[in-house]
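# Structural overview
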Amino acid sequence: MRFQQIDQFSAELKADTRAAVYDGSKKGHEKRTKLLYDEFPDPDRLRHIAGEVKQHVVENLDTYLPQVEAKLKANGVIVHWAATAEAANEAVLGIMRARGATKMVKAKTMVSEETELAHFLEKHGMEALETDLGEFIVQIDHDHPSHIVKPIIHKNRREIATSFEKNGLGAYNDDPQTITRRARNFLRHKYLEADVGLTGANFVSAESGRIVLVTNEGNSRFCLAATKCHIAMIGIEKIVPRDYDLGLFLNLLARSGTAQDLTVYTEFISGPKSPAQPDGPEEMHVIFVDNGRTEVLASECRDILRCIRCGACLNVCPVYRQASGHAYRSVYPGPVGAVLSPLLMKEKFPQKADLPKASSLCGACNEVCPVNIPIPDLLLRLRNRAKEENVPSPGTPPMGAWALLASQPTAWRASLFGGKVMNYLPTKLLPIPALRAWEAKRALPAWRGGEFRAWMKNRPKQS
Amino acid sequence: MDEKPAQAILTMPSSADREAIFSRVRGALAPLHERAPMPDYTTELAVLRQMMGNRDAFTIFSERLVRVNGIALTEIAALVARLREGKWLQGYCDPVLWPMLAPHFGADFTVETTYDRKRVDDYAFGITRAAGAIAETGTIILSDATTSRRLGALTPWVHVAVVERAKIYSDLPQAVAALGSDSNVIWVTGPSKTADVEGILIEGVHGPGVQIALVV
């Protein structure tokens with residue numbers, strides 16, 4: 001018997017990991033709800049409007065991209081465009097080589113995860129060090145992040161202490177405070193030695209060309225205080241129309257992502273440092289990255305480009321909580337990943353066409369989304385696309401018999417009556433693969449076929 | 001200086017990818033009969049209005065700063081006492097501020113008005129000017145124009161931001177409206193922190209572990 005890939009991964013998950021992911025995501029979701037509903041008169045309206053703003057941007061990128069490019073140039077920023085992941089990485093390498101740079105400090109950016117920038121630079125003899133604590137741990141472990149905002153939600157302190165010891169960061173000590181201090185002491189000298197600081201961007205204002213970066217640890221600020229060259233890798237969908245809109249989005253981002261009123265460091269960058277300021281980049285580059293986004297824009301799933309990467313949909317998702325982020329085999333896990341990851345595969349869509357099926361379509365992801373993305377609808381569209389492209393779907397129960405019955409009323413009625421037999425059969429022993437897969441993980445409820453029809457028939461007529 | 005133009009040429013981006021992206025964007029959007037309109041909204045929606053009431057911005061700022069584990073002080077003497085209590089006796093101070101503060105600091109302190117990045121671990125505290133503050137979030141606003149050194153406000157364990165009482169904005173939209181033309185503005189809301197290890201909150205990751213606002 002075969003399960004779907006994501007079910008298989010979940011079934012083999014270590015109990016420790018499952019507990020860590022489940023508790024972490026549940027806590028995150030509960031704190032978020034409390035914060036939003038305690039303080040705003042109408043948080044639901046807030047996210048609907050934010051969703052409309054982003055949808056407007058997505059559907060008018062042909063206007064906003066040239067506008068933002070002109071503003072950035074006027075601010076003294078060198079603007080690059082990268083159609084693919086390879087082009088984005090080459091652009092970074094080109095900038096470093098032109099400066100004679102060999103050392104980069106990196107703040108957390110999901111786009112650079114997509115392009116696997118750190119690996120690429122290391123292969124070309126550059127040092128590219130992750131500075132976000134979680135990302136740093138992922139890097140020294142040769143692991144992958146499993147959550148958009150909490151990259152090591154799948155690890156416990158003992159695993160971290162072990163890898164610190166292995167990497168020469170002190171004798172085994174699993175106290176989270178000691179772990180953090182050791183990373184602080186190690187990394188601060190790395191920032192000061194580095195030539196280039198690389199960041200992403202949370203928002204870019206088309207009106208002013210202002211780039212907004214948020215972090216809690218202060219690592220992106222350190223990158224921009226210690227190095228002389230700033231490179232920002234930015235997905236083309238990260239634009240908001242005006243500075244005015246930043247008030248709205250900043251109010252939503254931290255509350256949705258980590259249940260904070262505001263992230264500790266919220267930085268507004270509109271170019272290289274001021275001439276009078278002794279610290280910070282004298283040269284600034286922005287690389288706008290497509291890497292599949294224009295394909296998403298052309299598809300009927302373009303709404304997913306509204307996403308502001310807060311991770312709220314991961315935290316609330318019953319499938320994510322059970323399966324963990326790595327089960328999605330992608331940079332973007334959870335409900336947003338189930339939509340975005342297969343789309344970003346472009347022509348290799350079939351390889352991840354199973355992800356949109358990893359959902360009960362309960363709709364919780366849509367309800368918490370700060371930009372109100374109709375994720376369940378998008379999942380259905382992708383399931384439909386997989387069906388139309390005849391992508392094989394191993395582990396999915398065959399629906400042929402059901403389709404036959406559902407199209408013939410007489411057969412349907414007969415089966416409703418006949419189904420009662422199921423209550424008297426040892427179903428666990430039946431050699432039907434779909435049934436066995438079901439019973440391996442759950443108990444089959446008693447057959448109640450026909451009750452709804454009877455109720456429908458007998459209910460009092462309403463005028 | 002002669003090398004500068006050559007460097008600029010080397011880093012000039014090529015335009016093939018730009019054209020490819022722009023043409024794909026236009027192609028993707030061409031079939032849309034209607035584009036989603038920009039919604040009309042006021043930022044009042046995103047303001048924690050019920051919190052403000054009749055209270056002044058300073059009271060709310062202090063309250064919210066405490067909520068994010070920051071410290072709000074109004075007396076220089078209290079600041080000196082707090083630094084002494086934490087045994088933070090060596091530090092950096094913005095040269096513009098030092099004449100005002102110096103008379104209050106005792107001989108047990110070593111305060112420098114220049115910052116040497118080679119001695120990053122020597123500074124236990126850094127005192128710099130803030131461009132303003134935000135009441136509803138307990139946020140301190142730093143800008144390139146008012147911060148004497150970005151590193152001086154970031155690397156010491158304790159950061160003291162000197163905030164003028166008249167420059168406390170009540171909410172985020174107001175502070176956004178006041179961003180101005182500075183090429184770098186950063187809002188700091190409490191000490192640097194992480195919850196990456198098992199969701200446990202630890203303060204003082206890459207930036208300060210103690211954030212003080214001295215409101216004058």
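Being a predicted model, the structure only gives us computed values, none of them experimental.

Reading the values: rules and limits
Residues numbered from 1 in each chain as written. Chains lettered and ligands numbered in written order. Predicted model: local features only at pLDDT ≥ 70, side-chain atom pairs only at ≥ 80, totals over all residues. Heavy atoms only, no water. Helix = DSSP H or I, 4+ residues; strand = E, 2+ residues; numbered from the N terminus. Rg over C-alpha atoms; globule rule 2.2 N^0.38 Å. Buried < 20%, exposed > 50% of the residue type's maximum accessible area, 1.4 Å probe, protein only. Contact = heavy atoms within 4.5 Å. Areas by Shrake-Rupley, 256 points an atom, 1.4 Å probe, with all protein chains shown as cover. Lys, Arg positive; Asp, Glu negative; His and termini not counted. Charge placed at Lys NZ, Arg CZ, Asp CG, Glu CD. Pairing = 2+ DSSP bridges. Axes fitted to C-alpha atoms, helices over the stretch in contact; angles between N-to-C directions. Buried area = accessible area lost by both parts, 1.4 Å probe. Salt bridge = Lys/Arg side-chain N within 4 Å of Asp/Glu carboxyl O. Polar contact = N/O pair within 3.5 Å; in protein donor to acceptor, adjacent residues only side chain to side chain. Phe/Tyr/Trp six-rings, centres within 6.5 Å; stacked < 30°, edge-to-face > 60°. Lys NZ or Arg CZ within 6 Å of the ring centre and 35° of its normal. Domains from an automatic or database assignment. Core = buried A, V, L, I, M, F, W, Y, C linked by side-chain atoms within 4.5 Å.

### Considerations on the overall build of chain A
Each helix and strand in chain A was counted, giving 22 helices and 10 strands. Radius of gyration (C-alpha) of chain A: 25 Å, near the 23 Å computed for a compact globule of 463 residues. With the C-alpha coordinates of chain A rotated into their principal frame, the extents come out at 85 × 55 × 45 Å. Evaluated residue by residue, chain A yields a buried proportion of 58% over its 463 residues. When contacts within chain A are restricted to residue pairs at least 6 apart in sequence, long-range pairs at least 24 apart make up 74% of them. Accessible surface computed for chain A: about 19,100 Å², of which carbon and sulfur atoms make up 55%. If you average the places of the 61 positive and of the 53 negative side-chain charges in chain A, the two averages end up 6 Å apart.

### A few points about the sheet that holds strand E2 (residues 103-106) of chain A
All names here are of chain A. Spatially, the 6 strands line up as an open sheet ordered E1-E10-E7-E4-E2-E3, and their pairing is parallel. With one partner strand each, in any of the chains shown, strand E1 (78-82) and strand E3 (127-130) form the two edges of the open sheet. Recorded for the sheet is a direction-independent mean angle of 20° between the axes of neighbouring strands. Bridging between E2 and E3 involves 4 bridges; their strand directions are parallel. Each bridged residue has a counterpart across the sheet, and for Lys 103 the counterpart in E3 is Glu 127. Running at roughly 140° to E3, helix H10 (residues 176-193) makes contact with E2 and E3 of the sheet.

### Digging into the interface of chain A and chain B
Across the contact, 104 residues belong to chain A and 75 residues belong to chain B. Of the roughly 7,800 Å² buried at the junction of chain A and chain B (both faces included), carbon and sulfur atoms supply 57%. Looking at the side of chain A facing chain B, the largest losses of area belong to A:Arg184, A:Arg221 and A:Phe268, adding up to 9% of the total buried there. Joining chain A to chain B, the criterion identifies 8 salt bridges.

### Let's talk about the sheet that holds strand E8 (residues 168-169) of chain B
Read from one edge of the open sheet, 8 strands run E8(A)-E5(A)-E6(A)-E9(A)-E9(B)-E6(B)-E5(B)-E8(B), paired in mixed fashion. If you trace the sheet from one side to the other, it starts and ends with strand E8 (239-240) of chain A together with E8 of chain B, each paired once. Where strand E9 (residues 265-269) of chain A and strand E9 (residues 184-188) of chain B come together, 5 bridges link them in antiparallel fashion. Residue A:Glu267 lies in a different strand from E9(B), and its bridge partner there is B:Ile186.

### A word on helix H11 (residues 219-226) of chain A
Of all 8 residues making up H11(A), 8 are buried, and the element is well covered by its neighbours. Regarding H11(A), the residues found buried are A:Asn219, A:Ser220, A:Arg221, A:Phe222, A:Cys223, A:Leu224, A:Ala225 and A:Ala226.

### Overview of the side chain of A:Ser163
Residue and element names in this part refer to chain A. Looking at the secondary structure, you find Ser 163 in helix H9 (residues 157-166). Within polar-contact distance, the side chain of Ser 163 engages the side chain of Asp 141 at 3.0 Å. Setting aside its immediate chain neighbours within four residues, Ser 163 contacts Ile 140 and Asp 141.

### Remarks on the packing of aromatic side chains
One pass over the full model with this rule turns up 16 aromatic pairs over all chains. Consider the rings of B:Tyr115 and B:Tyr123, whose centres lie 4.7 Å apart with planes at 20°: the pair is stacked. Owing to a relative accessible area of 3%, B:Tyr123 belongs among the buried residues under this scheme. Members of the aromatic cluster, connected to one another through ring pairs, are B:Trp98, B:Phe105, B:Phe109 and B:Phe125. Over the aromatic face of A:Tyr22 sits the side chain of A:Arg321, whose NZ or CZ is 5.7 Å from the ring centroid.

### Section: the pairing of strand E4 (residues 196-199) of chain A
All names here are of chain A. Of the two faces of E4, the one lined by Val 196 and Leu 198 and the one lined by Gly 197 and Thr 199 are each fully buried. Summarising the sheet, E2 and E4 pair through 3 bridges and their orientation is parallel. Counterpart to Lys 106 in the pairing with E4 is Leu 198. Bridge analysis of E4 against strand E7 (residues 229-235) gives 4 bridges, and the strand direction is parallel.

### Details of the domain arrangement of chain A
Each assigned domain of chain A is listed with its residue range as follows: domain 1 (5-13 + 294-388), domain 2 (40-291) and domain 3 (406-458). Using only C-alpha atoms to locate each centre, domain 2 of chain A and domain 3 of chain A end up separated by 53 Å.

### Structural notes on the nonpolar core
Ranked by size, the top nonpolar core spans 104 residues in total, and within it A:Leu250 and B:Trp187 carry the most contacts. Beyond its immediate stretch of four places on either side in the chain, A:Leu250 contacts A:Phe203, A:Val212, A:Val214, A:Asp261, A:Leu262, A:Thr266, A:Phe268, B:Leu172 and B:Trp187. A:Val264, B:Ile60, B:Leu151 and B:Val215 belong to the second-largest nonpolar core, a separate cluster that totals 49 residues.

### Brief notes about unusual backbone geometry
All names here are of chain A. Positioned with a positive phi, His 142 is a non-glycine residue whose angle comes to about 50°. If you trace the backbone, His 142 turns up in the loop between helix H8 (133-140) and H9. On the accessibility criterion, His 142 (72% relative accessible area) is exposed. In this structure, Asn 372 takes a positive phi of about 50° despite not being glycine. By the secondary structure assignment, Asn 372 is in the loop between helix H17 (364-368) and helix H18 (375-388).

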